[in-house]
Amino acid sequence: MIQDKVLESNRLLLSQSQSHTEQILKSVESTMLNYVNSTELLNAMNSSVEPSLFPLFTKMNRTISSMSFYEYGIKRVYLINLEKDWVIDGEGTCHLDQLDDEFKYNKLLQSLHTPSAWILNQGMLPSTGFNRNQKDGDSLLLVQKIPQYSSQPTGLAVVVFPTKALNTMIVNSDKLGNFMITDNQDRVIAHSNAEMIGQSLSGDAVINNLKQQTSNNGFNTLNVDGQEVGFTYIRSSYNNWTYVSVAPFTQITKDSRDIGTIALVIGTVMLLLIIVLALLGSRKMYRPIAQIYEYAAESVPNEAGDELEQIRNQFLSMRSSQFSMKDQLNVQLVQLKDFFLQKLFRGELGQEEAHEKCKTFHISEDWRMLSVFTTQIDSLNETRFQEKDRDLLMFAINNIVKELISSGKRFQPVLIDKFQAAIIEHDHTDEDQIKRDMYQLCEHVQKTVKAYLNVHVSIGISKPYHQLVHTSRAYEEALEALRYRIKYGDESILYLMDVQPDEEDYTLPAFPKHIEMELINALNAGDKETVELKFTQFLEWLLSQQVSYREQQVYLARVLIDVLKVVQDMRINAKYLLENESSIFTQLFNFRTSEELKQWFLDDVINQILELLRNRREIKYVKIAEELATIVSEEYDTDLSLELCADRLDVHPSYLKRVLRKELDTNFSDYLSRYRLQKAREYLLETDMKISDIADRLRYNNSQNFIRYFRKMEGMTPGEYRKQRSQSVMKGYTG
């Protein structure tokens, strides 16, 4: 029972030590990762130490100095540029020793297999005066490549974490054995005995036995020098460190009476100590110090030194905590600003509330005009990134916008859905100048994103506006401008006023029915090449017209509906075309480029329809109906009859009637008449044939019968039809 409790206690101590240690290590690593990827640092890595750049290096020194994690005992952070031969440590900038430092850091770079790693210091610190007395093993080093994911990094960021500070995280319980942490080379990172830090345990019996264990955590026993010991261990997946607790069984299995005696002795000693301290504390001169000390002792661990020293340490700790809380408040303030802007872009704030929020966040309202621009990644094809990286890339783009545009000229950029959005302030009302400024700014953003991330982005720009509450409308305008990318292609900068046609100054072009008719006929005939050709012609025609994006959607929807109608008219189940999670029309309207739209229409719609039609034609009725349609289309100008066609198709006339009724929902006479009517319309529109000649060609007994039938079906005479349609075509061209 006692043994089980001790083992469980050791396991909990190990787990607590691992969790606390890795939380701090990850916090330090995350902070450094953000700075290593900042534009300020990446620009500095291309700079040499020159008098003209002293302000840049002075700013970086201040940044490095402010990044010291005093609450963890971290007081040194280094930025090392191997290409430009300089080191920044928060107190100044100096050159590398060419015979020492540059060689060892190039060697260290070659040995790093990940963008960052925690390693035990083995003479890796720069040869500065501060580090002359540093011993191997005195500190841990967080080493990060600069740039982070470059195949040829030119520098390093190094955080010096004293191992003594880490050692204080280990729960010390000498009565239950020793606790230690080792790295993947069996070197001691932390130990109950501080003198063991930095030493190698590669020959230690416990370590050798531990290497044979296959699980990442557990308990095992071992005979060491005639004494049986038990050790509990946890292997960390974060940095490949091993947390170990070693306890001799003799300590665990002592007689309970001995444990009671020890407890009594300890209790007695503690009681005497308390009495002595109480007597000493009763002295008048000590009372003020005792009061302060008692307050400080609540959170300060037992350390070497007198009470005054511990009180001093507590005040330092409180000051460090104050800075930490200030940093946390700054982070939360940024998050609150993001939330405010998200609501502003979505139109969830009124004028008064927006004004109050500006006061709360100290946002000046002295602008003359505002503009919104939205940025979106065009495509990740032919890049080193995958679709799962899109969110991370958008985060990087948002940071680039923050760095490129000074805070006095913009609101805080935010991410909304799949877009990056920013509000830009203007100190004048000249719309032409605002347009030029926005084009120049967006071009700079576009080029910078391409230079750093090697991805293409397009940017939509809204109309200028004045009232902050109109931001949601401007955001929608910027998104609307982005939709015209389907016409202008990737890497576009789209100003809404330039791409959106003026609705009062143009007439909608006539729908190209002849192209659509040829496309539908080719689809019915199963002619894939002609379908692709005609849809390409239609798309080229549509993109050449000066119409709005919404009107483009109407034209595209009309073609799609007519294509789907072919499937419906054939009484084919089109569920396979509509089985996607999103609507087929939602898919149609969400494409960013004409190439994406064309590929989807041909591959996902037309090919499936052709396959459905092909399968349908395998049915006997369809085959007969198609053969009949062929006879009618080729010999409509001859004296055709149901009996003649049935004889040609080698079927009985009554059977052919059933085929027509089932497949075409008509009879032979109506089918032939409608086809001849269709040909009549074509002759009227495409030729100069006389109406009497058309009637004769279509086998009408006289032109009057033809005119009466045409008026019955079309609501007008053939002459009126020719005149009206000719005028519509001319109006479409002139518009």
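Throughout what follows, the structure given in this document is the object of discussion. The structure displayed is predicted, hence computed values, not measured ones. (Residues numbered from 1 in each chain as written. Predicted model: local features only at pLDDT ≥ 70, side-chain atom pairs only at ≥ 80, totals over all residues. Heavy atoms only, no water.)

Here we take up the overall build of the protein. Along its length, the protein carries 28 helices and 16 strands. A burial count over the protein gives 43% of its 735 residues as buried. Long-range contacts, defined here as pairs at least 24 residues apart, represent 61% of the contacts in the protein between residues at least 6 apart. About 41,200 Å² of surface is accessible on the protein, with carbon and sulfur atoms providing 50% of the total. (Helix = DSSP H or I, 4+ residues; strand = E, 2+ residues; numbered from the N terminus. Buried < 20%, exposed > 50% of the residue type's maximum accessible area, 1.4 Å probe, protein only. Contact = heavy atoms within 4.5 Å. Areas by Shrake-Rupley, 256 points an atom, 1.4 Å probe, with all protein chains shown as cover.)

On the surface, Leu 271, Leu 272, Ile 275 and Leu 279 cluster together into a nonpolar patch covering about 400 Å² of accessible area. The residue Leu 279 is located in helix H8 (residues 256–281) in this model. (Patch = residues over 30% accessible without salt bridge, like charges linked within 9 Å, V, L, I, M, F, W, Y side chains within 5 Å. Salt bridge = Lys/Arg side-chain N within 4 Å of Asp/Glu carboxyl O.)

Time to look at the sheet that holds strand E5 (residues 139–146). Judged by pairing direction, the sheet is antiparallel, and its six strands sit side by side in the order E3-E2-E1-E6-E5-E4 without closing on themselves. Looking at strand neighbours, the two that pair on one side only are strand E3 (93–94) and strand E4 (116–120), the edges of this open sheet. Inspection of the sheet shows strand E1 (residues 76–81) paired to strand E6 (residues 155–162) by six bridges, in the antiparallel sense. Within the sheet, the bridge partner assigned to Val 77 lies in E6 and is Val 159. Strands E1, strand E2 (86–88) and E3 of the sheet are contacted by helix H3 (residues 54–66), whose axis makes an angle of about 45° with E2. (Pairing = 2+ DSSP bridges. Axes fitted to C-alpha atoms, helices over the stretch in contact; angles between N-to-C directions.)

Take the nonpolar core next. Among the nonpolar cores identified, the biggest contains 36 residues, and Leu 41, Met 60, Leu 79, Trp 118, Leu 140, Phe 161 and Trp 241 are the most heavily contacted of them. When residues of this core are assigned to their parent elements, the largest contribution, eight residues, is made by helix H1 (residues 2–36). If we skip the residues at most four places from it in the chain, Met 60 touches Tyr 35, Glu 40, Leu 41, Ala 44, Leu 79, Trp 86 and Ile 88. (Core = buried A, V, L, I, M, F, W, Y, C linked by side-chain atoms within 4.5 Å.)

Now for the pairing of strand E14 (residues 419–426). The buried fraction of E14 is high, at eight of eight residues. Of the two faces of E14, both are covered, the one formed by Phe 419, Ala 421, Ile 423 and Glu 425 as well as the one formed by Gln 420, Ala 422, Ile 424 and His 426. Relative to E14, strand E12 (residues 369–379) runs antiparallel, the two sharing seven bridges. For Phe 373, the partnering residue across the bridge sits in E14 and is Ala 422. Inspection of the sheet shows strand E13 (residues 414–416) paired to E14 by three bridges, in the antiparallel sense. Considered in E14, the bridge of Ile 416 is made with Phe 419. Between E13 and the antiparallel strand that follows it, E14, lie two residues; Asp 417 among them carries a positive phi value of about 55°.

What follows concerns the packing of aromatic side chains. A complete count under the given rule lists 13 aromatic pairs for this structure. Here Tyr 439 and Tyr 495 contribute two aromatic rings whose centre-to-centre distance is 6.3 Å and whose plane-to-plane angle is 55°, an arrangement assigned as tilted. Of this pair, Tyr 439 sits in helix H13 (residues 431–453) while Tyr 495 sits in strand E16 (residues 493–495), placing them 56 residues apart in sequence. Among the residues examined, Tyr 495 registers a relative accessible area of 5% and is labelled buried. Ring centres 5.4 Å apart and planes at 75° place the aromatic pair Phe 710 and Tyr 721 in the edge-to-face group. Here the residue Phe 710 occupies a position in helix H27 (residues 703–714), and Tyr 721 occupies one in helix H28 (residues 718–734), the gap between them amounting to 11 residues. Comparing Phe 710 with Tyr 721, the two get one shared label, buried. Taken together through their ring pairs, the aromatic side chains of Phe 511, Phe 535, Phe 538, Trp 541 and Tyr 555 make up a single cluster. Over the aromatic face of Tyr 238 sits the side chain of Lys 26, whose NZ or CZ is 5.1 Å from the ring centroid. (Phe/Tyr/Trp six-rings, centres within 6.5 Å; stacked < 30°, edge-to-face > 60°. Lys NZ or Arg CZ within 6 Å of the ring centre and 35° of its normal.)

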